[in-house]
Amino acid sequence: MTKYKDIYDKKVMTASKALDLIRDGDYIFSAQATAEPIEIMSNLGHLKETGVRGCVLVTCLPLRDYDYFHDQDMKGILDHHAWFMSPGLRKAYEEKLVSPVPQRSTTILKKTLKRIEKENRRPVVICTVSPMDRHGYFSLSVSNVYEMDLIEAGALTLLEVNPNFPRTFGDNQVHVSRVDAIVEANHPIPTVKLAPYGEIDAKIGAYIADYIEDGSTIQLGIGNIPNAVAHELKSKKHLGIHTEMFTETMIDLIECGAVDNSQKGLLNGYSVASFTLGSKRLYDYIDNNPSVLFKSSTFTNDPYTIGLNKKFVSINAALEIDLYGQAASETVNGLPFFGTGGQSETVNGAQRSEGGKSFLAMHSTYTKKDGNGNEKTYSKIVPYLSKNQAVTTSRNDVNYVVTEYGVADLTGLTLGERARALIKIAHPDFREDLIKKAEDLMIW
């Protein structure tokens, strides 16, 4: 341990000193969500003092809204590319200070690294890790979406070591010899409370749970509907977990015995994920827990890998679905709101799996104020997607669509059949108009 501690001590420095290692044209990748290195990220404005130019910052669902996200003086110094939007980034988008990158989670890093090489740039990864063990290894802790892939690709590696982060297992162990700079931090790990779900979410959750068989392998996200689904799954048996995001509701399923990972067909006995975000209870559960493996999203979200799991069930959210079956899940009124994430890949992977199913779930309506400031209700099932909406999951891939009014199985249906199936689960107040619009659009 003394040998590794000596190496460690030689690499410890302040965040500003670590950022002095950045040179012109570097591509700086910040770890996703909970794993973003707050001390280093908070000091990125220091680059204005170092004189570097033409750098790029790549973020993916940053949890904090840093001042320099809105600093016009950062243009030309650190251009911001977003792989998944957050509230602060939506504001920065309006200020023309961030631009989203259309992508698939399994291929975007490879494509970006090719561009970096072509442009003779250097990749840099900044991420939070748990403390070094006696063998000289850090754990990437709560995120291994693309972080280890970058380290393996030879990126300049700046680690923020925080004792409040859990030690996790999987393909996420980083030896001190591979690290270029170490910044020590002691801020609390970001936490998110479970989203309470309402009556509509409960109905949707019950519909989906009815389709999930014992022995299924599940993928759940964060939010009201996934939480409702998880609640309904507590009576199931021999479920497995293979997911991009490990959630607190999955702990409930493990502890009640519904999940034992015994019949997955791939990595039996283990819950597999790429990142996590949640409560202290969740972080305590995964700390030093070898039954939860954190693997790159190039593995967890790969449709081929997903298809190796038996009865794989993907459950994702949609913002809007048209009568053709096209799903928009990342834009609102054509403006970036979320990101593609792993939706299209898990949808495709579920349909490769023996006995697999994929669900897109949403409330049938939403409300917003009209031009007069009055609340108005709109249907989420629409004749055609709104102007400039991004198609997240194509009509060719959509399987089951679920609202509080039921389940539409679009598998193998004609255009007319799928339109009729979707209209049946739309809010009753909009069905007559949707039928008329379908006729006008010659959907039959």
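Procedures and definitions
- Residues numbered from 1 in each chain as written.
- Predicted model: local features only at pLDDT ≥ 70, side-chain atom pairs only at ≥ 80, totals over all residues.
- Heavy atoms only, no water.
- UniProt positions renumbered as here; feature names shortened; annotations may be inferred.
- Axes fitted to C-alpha atoms, helices over the stretch in contact; angles between N-to-C directions.
- Helix = DSSP H or I, 4+ residues; strand = E, 2+ residues; numbered from the N terminus.
- Parallel < 35°, antiparallel > 145°, perpendicular 65-115°, else oblique.
- Left-handed = near helix turned anticlockwise from the far one by under 90°.
- Contact = heavy atoms within 4.5 Å.
- Nonpolar A, V, L, I, M, F, W, Y, C, P; charged D, E, K, R; others polar.
- Disulfide = S-S within 2.5 Å.
- Buried < 20%, exposed > 50% of the residue type's maximum accessible area, 1.4 Å probe, protein only.
- Arc of directions from axis to C-beta.
- Pairing = 2+ DSSP bridges.
- Core = buried A, V, L, I, M, F, W, Y, C linked by side-chain atoms within 4.5 Å.
- Phe/Tyr/Trp six-rings, centres within 6.5 Å; stacked < 30°, edge-to-face > 60°.
- Lys NZ or Arg CZ within 6 Å of the ring centre and 35° of its normal.

Looking at an unreviewed UniProt entry, the chain carries the name Acetyl-CoA hydrolase/transferase family protein, with the source organism given as Anaerococcus kampingae. The UniProt entry for the chain carries the following comment under Sequence similarities (unreviewed entry): "Belongs to the acetyl-CoA hydrolase/transferase family."

K.L.:
Outline the packing of helix α8 (residues 199–211) against helix α9 (residues 224–232), supporting the account with residue identities and numerical values.
P.N.:
Their axes nearest at 8 Å, the elements α8 and α9 cross at an angle of 55 degrees. Between α8 and α9, the angle falls in the class oblique. In the packing of α8 onto α9, the handedness of the crossing is right-handed. Packed against α8, whose contacting residues are Asp-201, Ala-202, Ile-204, Gly-205, Ala-206, Ile-208 and Ala-209, the element α9 presents Asn-224, Ile-225, Ala-228, Val-229 and Glu-232 at the interface. For the contact of α8 with α9, the class distribution of residues is eight nonpolar, two polar and two charged.

K.L.:
Describe the state of the cysteines, naming the residues involved and giving the relevant values.
P.N.:
A full pass over the atoms with the stated rule returns zero disulfides. Counting only cysteine sulfurs, Cys-127 is the nearest neighbor of Cys-55, a cysteine outside any disulfide, at a range of 18 Å. What makes Cys-55 buried here is its relative accessible area of 0%. Just so you know, Cys-60 is unpaired, no disulfide at all, and the nearest cysteine sulfur is the one on Cys-127, 14 Å from it.

K.L.:
With reference to specific residues and values, describe the UniProt feature "domain: Acetyl-CoA hydrolase/transferase N-terminal" (unreviewed entry) in the chain.
P.N.:
UniProt annotation of "domain: Acetyl-CoA hydrolase/transferase N-terminal" (unreviewed entry) refers to residues 6–190 when read in the numbering used here. Between the C-alpha atoms that bound residues 6–190 there is a distance of 30 Å. The span itself is 24% helix and 22% strand.

K.L.:
How would you explain helix α6 (residues 108–118) if you had to name every residue and give the values?
P.N.:
Among the residues of α6, those classed as buried are Ile-108, Leu-109, Thr-112 and Ile-116. Viewed end-on, α6 has its buried residues packed into an arc of 90 degrees, placing them on one side of the element. Residues of α6 that are exposed and point over 90 degrees away from its buried face: Lys-110, Lys-111, Lys-114, Glu-117 and Lys-118. In the core, the buried residues of α6 are packed alongside β1 (27–30), β5 (123–129) and α7 (147–152). Of the residues one or two after α6, Asn-120 is the one with positive phi, at around 60 degrees.

K.L.:
Give a description of the sheet that holds strand β25 (residues 381–382) that names residues and reports values.
P.N.:
Here three strands make up an open sheet; going across it, the order is β19-β18-β25 and the pairing mixed. For this open sheet the edge positions go to β19 (327–328) and β25, each flanked by a neighbour on one side alone. Relative to β19, strand β18 (residues 320–322) is paired through two bridges, and the arrangement is antiparallel. Within β19, the residue paired with Ile-321 across the bridge is Ala-327.

K.L.:
Tell me what's going on with the nonpolar core, and back it up with residues and numbers.
P.N.:
Side chains that are nonpolar tend, in soluble globular proteins, to be buried together. By size, the foremost hydrophobic cluster in this structure holds 67 residues, and its most contacted members are Phe-138, Ile-208, Phe-246 and Ile-286. If one sorts the elements of this core by residue count, helix α11 (residues 280–286) sits on top with four residues. Formed by 31 residues, the second largest nonpolar core is a distinct cluster that contains Ile-77, Leu-78, Ala-92 and Leu-97.

K.L.:
Lay out the environment of Pro-37 in plain terms, naming residues and giving numbers.
P.N.:
Within the secondary structure layout, Pro-37 lies in the loop between β1 and α3 (38–42). With 377 residues separating them in the primary sequence, Pro-37 and Thr-414 have C-alpha atoms 49 Å apart. Ignoring any residue separated from it by four or fewer positions in sequence, one finds Pro-37 in contact with Ser-30, Ala-31, Ile-126, Cys-127, Thr-128 and Glu-160.

K.L.:
A description of the sheet that holds strand β12 (residues 240–241) should follow, citing residues and the corresponding values.
P.N.:
The mixed open sheet is built from six strands, whose spatial order is β12-β11-β17-β22-β26-β27. In the strand order of this sheet, the two ends are held by β12 and β27 (406–409), each with one partner. Relative to β27, strand β26 (residues 400–403) runs antiparallel, the two being bridged by four bridges. Its bridge partner lying in β27, Val-402 is registered against Val-407. Lying over the sheet, α8 contacts β17 (312–317), β22 (357–361), β26 and β27, oriented at roughly 150 degrees with respect to β26.

K.L.:
Describe the pairing of strand β2 (residues 55–59), and please don't skip the residues or the numbers.
P.N.:
Extensive coverage of β2 is indicated by the burial of five of its five residues. Judged by which residues are buried, β2 turns out to be covered on both faces: Cys-55, Leu-57 and Thr-59 on one side and Val-56 and Val-58 on the other are all buried. Pairing between β1 and β2: three bridges, direction parallel. Residue pairing across strands places Phe-29 opposite Val-58, the latter belonging to β2. Of the pairings in the sheet, the one linking β2 to strand β3 (residues 78–82) comprises five bridges and is parallel in character. Looking at β3, one finds that Leu-57 is bridged to His-80.

K.L.:
Now, about the pairing of strand β23 (residues 365–369): what can you tell me, with residues and values included?
P.N.:
Pairing of β23 with strand β24 (residues 375–379) involves five bridges; the strand directions are antiparallel. Paired with Lys-368 across the two strands is Lys-376, which belongs to β24. Between β23 and β24, which follow one another and run antiparallel, lie five residues, and Gly-373 among them has a positive phi close to 85 degrees.

K.L.:
Explain the packing of aromatic side chains residue by residue, including any values.
P.N.:
All chains considered together, the criterion is met by 14 aromatic pairs. A centroid spacing of 5.2 Å and a plane angle of 85 degrees characterise the contact between Tyr-68 and Phe-69, whose relative ring orientation is edge-to-face. For Tyr-68, a relative accessible area of 10% corresponds to the buried category. With relative accessibility at 2%, the residue Phe-69 sits in the buried group. Its guanidinium or amino end placed over the ring of Phe-299, Lys-295 lies 4.8 Å from that ring's centre, counting from NZ or CZ. Seen from the ring of Tyr-378, Lys-368 lies directly overhead, with NZ or CZ sitting 5.5 Å from the centre.

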